[in-house]
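Residues per chain, in single letters:
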Amino acid sequence: MTPRQRTAVRAVRLRADADGRIGPATDLAAAECLAGQAAAGARVHLHTAAFTGPLTEWARTLGRGAPGAVVLAADPTARPLADLLAERLTGGSADRPAVVCDPGELAGALARVTGSAPGNGASPYAARVLTPAQAALAGVRARAADTLADLELLARRANGPIEVALRPAAAGDGTWAPEGELVAGLGGLADRLARARLVPRPRLSPAELTPAAAEALAASGIARATIAATAQAGEEHRLRAALSAATAAGLSCAVEFTVPGPKGESGGPPEASPTAAEHVARLLRACPDAVPDLPAAPLAALAARAAFAGVPPHAAAAAELRRHRRTLRAFARRALVGGYGATAISAGAHDLWWEHSEAVAAHAGWVADVVAAGGTVLTPADAAGPVRGYADADTRAPGPGVLLIRTEADRDALLADADAARRRGVFPARLFDPAPTLAGLCRLGRGGCPAERGRRLYVDPRGRVRGGPHGPVLGKVGEPLEELRAALRERTAAGCSCLPSGWAPAAPRLWLDRVLDAARSVAALRALAARGEHPAPASAPSSSDGGPLAVSGLGGALGHAAAPAPRWPEGLVLLRDGGAHLLHHGPSGTWARLPAPLAVLVELRLDLGPAAADHLARHHAMSARTAAAALERAGAALERLTASPATSPDTGSTDGDDQP
């Protein structure tokens, strides 16, 4: 076959990440299959770059260069999306076949497309299917002479430090024996690998890490290894034995664990049954620091079945579960509240808020063609609690979920709470509690609108697509993205498209932004205190335990008798919790503890502006020069706080999550 006749094949390994997003993966097994075809004379390419735009853009990206065929290897969780992508790639034409297969069938699918049997023992690095930089993600197969050749090749080509996983041999080749020829070769390569800053890290199952294997690895200069455990019967005993062997040999080991599918198969969705939860619990009792190699949904399902019972809160599994919950809340908050970049919608919505009476799955193809890669599809169930109108929430304990400014009554209830906070210095629970998320504030003319410039689309219960819950109807479910984009350009401009036209105007409140910023800061402080992360734990009682808490501008100023200014810089709030004065910058999430005199100066500067110097001269007997110097110090403190989340005035800062 001449070079011009060689079949050009592009392959993609589709896999869901920890947050359930599906995209290309840098997969060693897929690269080896392509390297075999390259050895047989085919032109091959493994697509590993992240996709942008909706599914149609994915297909356009894979079709660049007019490959003769595209092969999509997908796990069961990614198979529906792979089938849709194959449809977009072919477009009803047989000129460019698109094949979808299971990952284990990729070699056969490539052979059928190219008509060539793969070459044996081809290295994906020698065939340039993978670059040296990708070795940190893909690793190297542990097959004695082949592994040593790959490591030598990477040492010549690498431009920086790389930690390379030595992965077990492929299925059918047996398990690799770390005490054999490979380890001896690693010892001989140790100096060369060190000069190239290439660090091999063996990846073994608990059964493979025997005392002899651990001693051999340590003797070859290997300092760290990864134990890949599977939550199954008896694995905790094998894991304890492997950790003991590693410790005796002076080998540092990280432990990862996976959960097999319902019938023990790999590649499918992990099982979250009571039996699987018990196996996970036993593994975590054997090694509390084991890291779950699981998608977020099965991880949460296992946690609900007490798989993490007794696990310390700082353990990796518990931390990953908290990260997943924070991510889900952040997705929901972004879709509900906004906070997108300044650019207009280009190719697909960032988020799709779905309240249609029909299930999302029934419109999967349309959703994939409308939502951009990296975007999210959210329903009210994803909002970490129920979605309720603000006026309907319990005034004493609103609980988790979303409090939405949906009706005129909701708006009036929130304004009444804000009035009470400003005049009397009280903290109404609906507005200041850290549990719920406030949404729809754009209908008060405050905050970013989630529908601004079409970054989020809303599907109402009748299947109509809008820019926001009360925004203009752009089309309906099933209509092409191009038509929706044309409607967005015509009807959606910068600003809020959620405000109903029939609402009676509310009295203007110039100070409302300051109250809303205070509400977010108080909620953030209470959340930090509940987690034991109060910015000033030694001097201030926990605000969640009823300690004295006051906020500048609510019920008056903290350190002077003048009238508070109706507005401060966005997101800047001064609080006094017990004996500690705290300055919070919401946009960066930074907390700074201020000495009381500096707190007074900061408050005066923000409340009185140029008149602050005269106030100091009149009420504190300061000379004009001393007052100016003091206020300059306060200005410098403010500049340091707002310039970077890593710095703060005076005694330093504590970074905290300012999202409820």
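From a predicted model like this one, the values you see are computed outputs, not experimental measurements. (Residues numbered from 1 in each chain as written. Predicted model: local features only at pLDDT ≥ 70, side-chain atom pairs only at ≥ 80, totals over all residues. Heavy atoms only, no water.)

**A short note on the nonpolar core**
Right, so step 1: Grouped together as the largest cluster of nonpolar side chains are 75 residues, with contacts concentrated most on L209, V280 and F308.
Right, so step 2: Of all the elements, helix α10 (residues 274-286) adds the most residues to this core, at 6 residues.
Right, so step 3: Residues within four places of L209 in sequence aside, it is in contact with L204, A214, L217, I227, A242, A245, A246, L251 and C253.
Right, so step 4: L403, W503, A518 and A536 belong to the second-largest nonpolar core, a separate cluster that totals 35 residues. (Core = buried A, V, L, I, M, F, W, Y, C linked by side-chain atoms within 4.5 Å. Buried < 20%, exposed > 50% of the residue type's maximum accessible area, 1.4 Å probe, protein only. Helix = DSSP H or I, 4+ residues; strand = E, 2+ residues; numbered from the N terminus. Contact = heavy atoms within 4.5 Å.)

**Observations concerning the pattern of salt bridges**
Right, so step 1: Counted according to the given criterion, the structure contains 27 salt bridges.
Right, so step 2: Between D83 and R79 there is a salt bridge, with the nearest N and O atoms lying 3.5 Å from each other. Taken together, the positions of D83 and R79, both in helix α3 (residues 79-90) and 4 residues apart, correspond to about one turn of that helix.
Right, so step 3: Residue D83 is classed as partly exposed on the basis of its relative accessible area, which comes to 35%.
Right, so step 4: Looking at R79, the relative accessible area reads 29%, which means it is partly exposed.
Right, so step 5: Its salt-bridge partner being D607, residue R514 comes within 3.1 Å of it at the nearest N-O pair. Of the two residues, R514 sits in helix α17 (residues 512-530) while D607 sits in helix α18 (residues 596-608), which places them 93 residues apart along the sequence. (Salt bridge = Lys/Arg side-chain N within 4 Å of Asp/Glu carboxyl O.)

**Thoughts on the pairing of strand β13 (residues 371-378)**
Right, so step 1: Of the pairings in the sheet, the one linking strand β12 (residues 349-354) to β13 comprises 4 bridges and is parallel in character. Residue pairing across strands places L352 opposite V377, the latter belonging to β13. (Pairing = 2+ DSSP bridges.)

**Describing a positive patch on the surface**
Right, so step 1: Taken together, R322, R325, R326 and R329 make up a surface patch of like positive charges.
Right, so step 2: Relative to the elements of secondary structure, R322 occurs in helix α12 (residues 316-337).
Right, so step 3: Owing to a relative accessible area of 36%, R322 belongs among the partly exposed residues under this scheme. (Patch = residues over 30% accessible without salt bridge, like charges linked within 9 Å, V, L, I, M, F, W, Y side chains within 5 Å. Areas by Shrake-Rupley, 256 points an atom, 1.4 Å probe, with all protein chains shown as cover. Lys, Arg positive; Asp, Glu negative; His and termini not counted. Charge placed at Lys NZ, Arg CZ, Asp CG, Glu CD.)

**Remarks on the packing of aromatic side chains**
Right, so step 1: Applying the stated rule across the entire model yields 2 aromatic pairs.
Right, so step 2: Consider the rings of F51 and W58, whose centres lie 4.5 Å apart with planes at 15°: the pair is stacked. Here F51 matches W58 in class, with each residue buried.
Right, so step 3: Ring geometry for F427 against F432: centres 5.0 Å apart, planes inclined by 50°, an arrangement best described as tilted.
Right, so step 4: Between R514 and the ring centre of W568, over which it is positioned, the NZ or CZ distance is 4.0 Å. (Phe/Tyr/Trp six-rings, centres within 6.5 Å; stacked < 30°, edge-to-face > 60°. Lys NZ or Arg CZ within 6 Å of the ring centre and 35° of its normal.)

**Topic: the pairing of strand β1 (residues 8-16)**
Right, so step 1: In terms of burial, β1 is a largely internal element, 7 of the 9 residues being buried.
Right, so step 2: In the sheet, β1 pairs with strand β3 (residues 43-47) via 5 bridges, with the strands oriented parallel. Each residue of the ladder has a partner; that of V12, found in β3, is H47.
Right, so step 3: One ladder, built from 6 bridges, connects β1 with strand β4 (residues 69-74); its direction is parallel. Residue pairing in the sheet places V9 in a bridge with A69 of β4.
Right, so step 4: As paired elements, β1 and strand β2 (residues 22-24) share 3 bridges and run antiparallel to each other. Bridge pairing in β2 places A16 opposite I22.
Right, so step 5: Counting the residues between successive antiparallel strands, the hairpin from β1 to β2 contains 5 residues, one of them, G20, with a positive phi of roughly 85°.

**A closer look at the environment of P206**
Right, so step 1: Position of P206 relative to the elements: it lies in the loop between β8 (198-204) and α8 (211-219).
Right, so step 2: Looking at P206, the relative accessible area reads 4%, which means it is buried.
Right, so step 3: Along the chain, P206 and A241 lie 35 residues apart, while their C-alpha atoms are 7.6 Å from each other.

**Thoughts on unusual backbone geometry**
Right, so step 1: In this structure, A66 is a non-glycine residue whose phi angle is positive, near 50°.
Right, so step 2: Here A66 shows up in the loop between α2 (55-62) and β4.
Right, so step 3: Taking the relative accessible area as the measure of exposure, A66 reaches 60% and is therefore exposed.
Right, so step 4: Non-glycine residue R197 carries a positive phi angle of around 55°.

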